[in-house]
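Chains, contacts and geometry: an overview
Listed below, chain by chain, are the residues.
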Amino acid sequence: EESLKGWKEIEFEVIRDANDHCFTVASMENFDPLGIHTGESIVVAPTCSLTEEQVTMLQELSTKCIRHLGIVGECNIQYAFNADTNDYRVIEVNARLSRSSALASKATGFPLAFVAAKIALGYTLDQIGEMGTPNSAYEAPQLDYLICKIPRWDLTKFAGVSRQIGSSMKSVGEIMSIGRSFEEIIQKGLRMIGQGMHGFVENKELVIADVDKALREPTDKRIFVISKAMRAGYTVDQIHELTKIDKWFLQKLQNIMNTSKELHEWGNNHKQMADMPVDLLRKAKVQGFTDFQIARAIGFDGDMEEGSLYVRTHRKQAGILPVVKQIDTLAA
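One structure accompanies this document, and this report is about it. (Residues numbered from 1 in each chain as written. Predicted model: local features only at pLDDT ≥ 70, side-chain atom pairs only at ≥ 80, totals over all residues. Heavy atoms only, no water.)

So, on to the overall build of the protein. Each helix and strand counted, the protein has 11 helices and 7 strands in total. Computed over its C-alpha atoms, the radius of gyration of the protein comes to 22 Å, within 12% of the 20 Å expected for a compact globule of 332 residues. When its C-alpha atoms are laid out on the principal axes, the protein stretches across 65 × 50 × 40 Å. The buried share of the protein, reckoned over its 332 residues, is 50%. Residue pairs in contact within the protein that sit at least 24 positions apart in sequence constitute 62% of those at least 6 positions apart. For the protein, the accessible surface area stands at approximately 16100 Å², while carbon and sulfur atoms represent 51% of it. (Helix = DSSP H or I, 4+ residues; strand = E, 2+ residues; numbered from the N terminus. Rg over C-alpha atoms; globule rule 2.2 N^0.38 Å. Buried < 20%, exposed > 50% of the residue type's maximum accessible area, 1.4 Å probe, protein only. Contact = heavy atoms within 4.5 Å. Areas by Shrake-Rupley, 256 points an atom, 1.4 Å probe, with all protein chains shown as cover.)

Pasting the structure below:
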């Protein structure tokens, strides 16, 4: 037997009709390497850390698989993938709607369950017009944004339960965040899981006796351990060695940490918010920092609610405002 631990875990949603028209709807990548259940992993769509050739190769494999198995309808296919050697294994093929399918549907705006039901009734993809857009079910959606799924655990409820995560599933739910950059979606997502965190940085410090051990043996707090390690000066390479998380992701998390350090530094030397360079403020907002996080990073003294308002007022004067966008099924 061989161990695939530490390989990447990549998923595809594939759809095929009775006429053999077949394509991949979405590709998703697990932030955590193989060895941690998909349900316990942070998942990002579309895949970020692979080259275009690697994604194309896996897409072609997925359509070959679904044709070979003769599946008509929707299926979810998971690969173990070694990015250095392009070696791969098919872990499983779910010839049904899975939880990943629900995520892919929401992420892409492609109504997988609706289309799969129509195919089961004997319609072909070119006959399925949906949402007033004829034939858009016939083409794969294009994403011009990123999606992140973060699991939510409630391990404090159960006395004596191990906090380690692995190949069995302990998470009780999940959230999905949408944004333009990985930095933005991970920070938004970590605020949403309801663990009292403000994002990747500017949280209450975790007390961890052995950071190396905590990185090597993943728990539900793993992402915050990475934050702590980066704050303590661990390099991306060191963290990659211990966690086997792809350097692409760690580099992005390092970007958040660098911005946080810049804000801390600025806060130590200045007292007036009006002196803050607009590009530093804009960079922080683009990377998903809240006004609260910025206020905490620059060392605002006093009530934090007041601090958030203080940052917000200055930000509005500088013309840095959020925008709400809509998921379009055909990524206009």
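That was the structure; now back to the text.
This next bit is on the sheet that holds strand E4 (residues 73-82). Read across the open sheet, the 7 strands follow the order E5-E4-E1-E2-E3-E6-E7; overall the sheet is antiparallel. At either end of the open sheet lies a strand with only one pairing partner, and these are strand E5 (87-94) and strand E7 (173-179). This sheet shows a mean twist of 25 degrees between the axes of neighbouring strands, independent of strand direction. Relative to E5, E4 is paired through 7 bridges, and the arrangement is antiparallel. Residue pairing across strands places Ile77 opposite Val93, the latter belonging to E5. Where helix H3 (residues 112-120) meets the sheet, it contacts strand E1 (8-16), strand E2 (22-30) and E4, and its direction lies at approximately 45 degrees from that of E1. (Pairing = 2+ DSSP bridges. Axes fitted to C-alpha atoms, helices over the stretch in contact; angles between N-to-C directions.)

Our next topic: the packing of helix H7 (residues 236-243) against helix H8 (residues 247-269). Taken N-terminus to C-terminus, the directions of H7 and H8 make an angle of 135 degrees; their axes are 10 Å apart at the nearest point. With respect to H8, the element H7 is oriented oblique. In the packing of H7 onto H8, the handedness of the crossing is right-handed. Contact with H7, carried on its side by Val236, Asp237, Ile239, His240 and Thr243, involves Lys247, Leu250, Gln251 and Gln254 of H8 and no other residues of that element. Split into classes, the residues belonging to the contact of H7 with H8 amount to 3 nonpolar, 4 polar and 2 charged. (Parallel < 35°, antiparallel > 145°, perpendicular 65-115°, else oblique. Left-handed = near helix turned anticlockwise from the far one by under 90°. Nonpolar A, V, L, I, M, F, W, Y, C, P; charged D, E, K, R; others polar.)

This model, assessed by the stated rule, comprises 9 aromatic pairs. Note on Phe31 and Phe182: the rings are 6.4 Å apart at their centroids and 15 degrees apart in plane angle, and the pair reads as stacked. In this pair, Phe31 is assigned in the loop between E2 and strand E3 (43-45) and Phe182 in helix H4 (residues 182-192), connecting sequence segments 151 residues apart. Considered together, Phe31 and Phe182 belong to a single accessibility category, that of buried residues. Taking 6.3 Å as the distance between ring centres and 85 degrees as the angle between the ring planes, the aromatic pair formed by Tyr79 and Tyr88 counts as edge-to-face. (Phe/Tyr/Trp six-rings, centres within 6.5 Å; stacked < 30°, edge-to-face > 60°.)

In a soluble, globular protein the nonpolar side chains are often hidden away together inside. Membership of the largest hydrophobic core comes to 51 residues, with the highest contact counts inside it found for Ile186, Phe200, Ile226 and Leu253. With 7 residues, H8 is the largest single contributor of residues to this core. With near-sequence residues (within four places) excluded, Phe200 lies in contact with Gln187, Leu190, Ile223, Ile226, Ser227, Met230, Leu253, Ile256, Met257 and Gln293. Counting 19 residues, the second largest nonpolar core, distinct from the first, contains Ala104, Ala107, Ala137 and Tyr145. (Core = buried A, V, L, I, M, F, W, Y, C linked by side-chain atoms within 4.5 Å.)

Another aspect to go through is the pattern of salt bridges. By the definition in use, this model includes 20 salt bridges. The partner of Glu29 in a salt bridge is Lys8, with the nearest N and O atoms 3.6 Å apart. Of this pair, Glu29 sits in strand E2 while Lys8 is found in strand E1, placing the two residues 21 residues apart along the sequence. Lys8 carries the same exposure label as Glu29, and that label is buried. One salt bridge in this structure joins Lys149 and Glu174, with 3.7 Å as the shortest N-O distance. Taken together, the residues span a long stretch of sequence, with Lys149 in strand E6 (residues 146-152) and Glu174 in strand E7 at a distance of 25 residues. According to the relative accessible area criterion, Lys149 is buried, its value standing at 5%. Overall, the relative accessible area of 35% leaves Glu174 in the partly exposed class. Connected through salt bridges with shared partners, the residues Glu2, Asp87 and Arg89 form a single ionic network. (Salt bridge = Lys/Arg side-chain N within 4 Å of Asp/Glu carboxyl O.)

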